[in-house]
Structures are given as C-alpha cells and as structure tokens.
Amino acid sequence: MTEPRFNELIHSPTRLSIVAMLAAAQWADFAFVRDELGLSESALSKQLSTLEAAGYLQTRKRQVGKYPRTSTRLTRAGRRAFAEHVAALQQLLRLPAEPENVSGSASRSP
Amino acid sequence: MTESLNRDDAARSIEHVRRREQQVITATAIPLWYWWVVGAGTLVLGVVADGRRPAVIAVTAVLFGAATAALTLWVIPGAGSGARVSRDLLGGGGPASIVGSVGFVVLSGLAVAFWLRARGASGPATVGTAVTAAALVVGGPMLMAVLRPQMLCHGAIPPR
C-alpha cells in the first residue's frame, strides 16, 4: 500500500512531466524526453540535475557508434516518491469538494 | 512553489500524469513497419521453400528465425523509439500475447502450406506464407489496439 505523500520537488509541472514519463518507462534517452516534452536541452538538463541530486533518477552516458547517448531512468526512490505523490493527489480528489490544503490530508516531502 | 494544493490543481496534475503515460505508450508502440517486415520475411521464406533446394531453405529459415527473434525482442519493449516501456505497464500478458499471436499466425500459415502440399497444389509454401503475411499486416495493428488500453490500466492512474 502506497502512503500518500505530497512531494513539492516532483509537483513542479515540468518535473512532474519528466517523472511521469520516466515512471512509464524502464529508461528513456535524453533526446526522447526532450522531444516528447518539447523542452530545450538546457531546460531538461537543469531539471534532470535537480531530480538526480534528490536521488530520484540516474543518468547513464554511453557511446552508440560515433555518438554519445545519454539515457535516464527513475531510481527506486524516485518511483516510490512518484507513487506517493500520485497517491496524495488522488487522496485529495477523494476529499469533499471544497478547496483543501493537501497538508491536512497527506504528509509533505521532501 | 505553492503552499497549498486545491482539487483543481490535483485534477490537472493527475491528467498531466495520465497524458505522459499515454505519450510513452504511444511512442513505444510496435510500429506498423514491424508487421510488414515480418510479413515480407515470411513470404520470402515461403518462396524459397517452394524452390525445393534444401541448403538454401535451411539457411533462409535460420536467418529468418534469428532476424525475427532479434527484431521482436528489440521492438516489443519500444527500444527503437529511444525509450523502453516499463515492465509494469506491459504486464505479464503483453509480450506473451504478442509473441503468442505471431507464433499462432505463423503456424497457421504453415498448416495451410502443408495442407496445400498434401493436395498437390503448386506453390503451397508461397500461398501459406502469403496468408501468414496478410494476417500479420492486418492483425498486428489490431492486436496493438487491444493491448494499448490494457497497458494504460497498469499505469499509475488507471483510466476512469
């Protein structure tokens, strides 16, 4: 059972997109994430660095033919944080219709 | 960063997550060309088999088997797209149903070929593999259409 836990770091729209995309994949190339999300290389690099520093994802560089290729994937901690965040969002939707502060129903992290 | 999160924000975020999952599933789906390539390879195998040159048939069969297996293992997880779909989304039944369906179609074509050969028809292997190729080209995309909603059901947020 996943404990609902709102995650400020993941909740930023761009990072949520990245994490949601990586959660649906075993791994993804940097170029795949960049193109699918329509981000610039620098914007994506910055967000990946933030998530990597939090221990939520790993990046791997390898040589494919003449070209270097960077791929990334969520760590176990990243998958857990994402699942907890989604559970917190879903829990909030199950609450009565008035606007609610999520901290009243789910713990915050990090 | 917001200090509070309301239901609208949560609903938008949930929709956001769902869309990204769909995006990965769509981008990593087995491409149409896969079914045409496997179908064409099968047809070539049939034409070679009707040539009745055992050495050529053996080499072609081995090459076809190895190439199809390698291509299938590469394409099914979506590796050709720049991402590999999560095992959780594929579920246990996804790859098995693809491999099982392809195997069934190939065996059906072989059965047609042997039946035609037993009746003395000309070019039995070519006809049998043409049946297989047609079934792959038509049935492959249909199979994908069935699997896609199943993959979404295995996602972080199953469809409503």
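Preceding this section is the structure that the text describes.
Numbers given to residues run from 1 along each chain, matching the order in which its sequence is written. For naming, the first written chain is A and the first written ligand is 1, with later ones following in the order written. With the structure being a predicted model, the display of local features is reserved for residues of pLDDT at least 70 and the display and counting of side-chain atom pairs for 80 or more, all residues being used for whole-chain, interface and lining totals. Each side-chain value is worked out from all heavy atoms of the structure, with water and hydrogens disregarded.

For the purposes of this entry, the term helix denotes a DSSP run of H or I that reaches at least four residues, the term strand denotes a run of E that reaches at least two, and both are numbered from the N terminus. The number of helices and strands found in chain B is six helices and one strand. Seen in sequence order, chain B has helices and strands lined up from the N terminus as α-α-α-β-α-α-α. Every radius of gyration here is taken over C-alpha atoms, with the globule rule written as 2.2 Å times N^0.38, N being the number of residues. Its C-alpha radius of gyration of 21 Å places chain B more than 25% over the 15 Å reference for a compact globule of 160 residues. Overall, chain B is about 80 × 25 × 20 Å in size when its C-alpha atoms are taken along their principal axes. A buried classification covers 39% of the 160 residues belonging to chain B. A contact between two residues is defined here by any heavy atoms of the two lying within 4.5 Å. Residue pairs at least 24 apart in sequence account for 76% of intrachain contacts in chain B once pairs closer than 6 positions are excluded. Note on charges: Lys and Arg go in the positive column, Asp and Glu in the negative column, and His and the chain ends are not counted at all. Working definition for charges: the position is that of NZ of Lys, CZ of Arg, CG of Asp or CD of Glu. Averaging the positions of the 13 positive and the 7 negative side-chain charges in chain B gives two centres separated by 16 Å. Partly exposed residues are those whose accessible area sits between 20% and 50% of the maximum for their type, while under 20% is buried and over 50% is exposed, using a 1.4 Å probe and protein chains only.

Now for the environment of Pro95 of chain B. All names here are of chain B. Mapped onto the elements of the fold, Pro95 is located in helix 5 (residues 93–118). Residue Pro95 is classed as partly exposed on the basis of its relative accessible area, which comes to 26%. Sequence spacing of Pro95 and Leu152 is 57 residues, and the spatial spacing of their C-alpha atoms is 15 Å. Residues in contact with Pro95, not counting those within four places in the same chain, are Ile76 and Leu90.

Glancing now at the interface of chain B and chain A. Listed by partner, the interface residues are 29 residues for chain B and 36 residues for chain A. Here chain B and chain A share an interface that buries about 2,800 Å² over both sides, 63% of which is from carbon and sulfur atoms. Polar contacts here mean pairs of N or O atoms no more than 3.5 Å apart (in protein, one a potential hydrogen donor and the other a potential acceptor; neighbouring residues in sequence count only if both atoms are side-chain atoms). Where chain B touches chain A, the interface holds 10 residue pairs in polar contact (both at pLDDT 80 or more). Of all the secondary structure elements, the ones that give two or more residues to the side of chain B that touches chain A are helix 1 (7–27), strand 1 (83–85) and helix 4 (87–90) of chain B. If you tally residues by element for the side of chain B that touches chain A, the top one is helix 1 of chain B, at 13 residues. When the residues that make up the side of chain B that touches chain A are grouped by side-chain class, the tally is 13 nonpolar, nine polar and seven charged. The term buried area refers to how much accessible surface (probe radius 1.4 Å) is lost by two components on association, counted for both of them together. Classification convention: Asp, Glu, Lys, Arg as charged; Ala, Val, Leu, Ile, Met, Phe, Trp, Tyr, Cys, Pro as nonpolar; all other residues, Gly among them, as polar.

The next point concerns helix 2 (residues 32–50) of chain B. All names here are of chain B. With 19 residues, helix 2 ought to run about 27 Å at 1.5 Å a step, and its terminal C-alpha atoms sit 28 Å apart, in line with that. Where helix 2 is concerned, the buried positions are Tyr34, Trp35, Val38, Gly39, Gly41, Thr42, Leu45 and Gly46. Seen from one end, helix 2 has its buried residues packed into an arc of 160 degrees, which puts them on one side. Those residues of helix 2 that are exposed and aimed more than 90 degrees away from the buried face are Leu32 and Trp36. Directly beyond the C-terminal end of helix 2, a positive phi value near 55 degrees is found at Arg52. For a helix, the expected span equals 1.5 Å multiplied by the residue count minus one. In this description, one arc is meant: the one made by directions from the helix axis to the C-beta atoms.

On to the sheet that holds strand 2 (residues 25–29) of chain A. The strands making up a sheet are joined through hydrogen bonds of the backbone, oriented either antiparallel or parallel. Taking strand neighbours across the sheet as the criterion, the four strands line up as 3(A)-4(A)-2(A)-1(B) in an open arrangement whose pairing is antiparallel. Of all strands in the sheet, those bounded by a partner on one side alone are strand 3 (57–64) of chain A together with strand 1 of chain B. With strand direction ignored, the average angle separating the axes of adjacent strands in the sheet is 25 degrees. Paired strands, in this sense, are two strands between which DSSP finds at least two bridges. Across three bridges, the pairing between strand 2 of chain A and strand 1 of chain B is antiparallel. Bridging from a neighbouring strand, Trp27 of chain A pairs with Arg84 of chain B of strand 1 of chain B. Here the axes come from fitting lines to C-alpha atoms, over the contacting stretch only for helices, and the angles between their N-to-C directions go from 0 to 180 degrees.

Just geometry here; none of it tells us what the structure is for.
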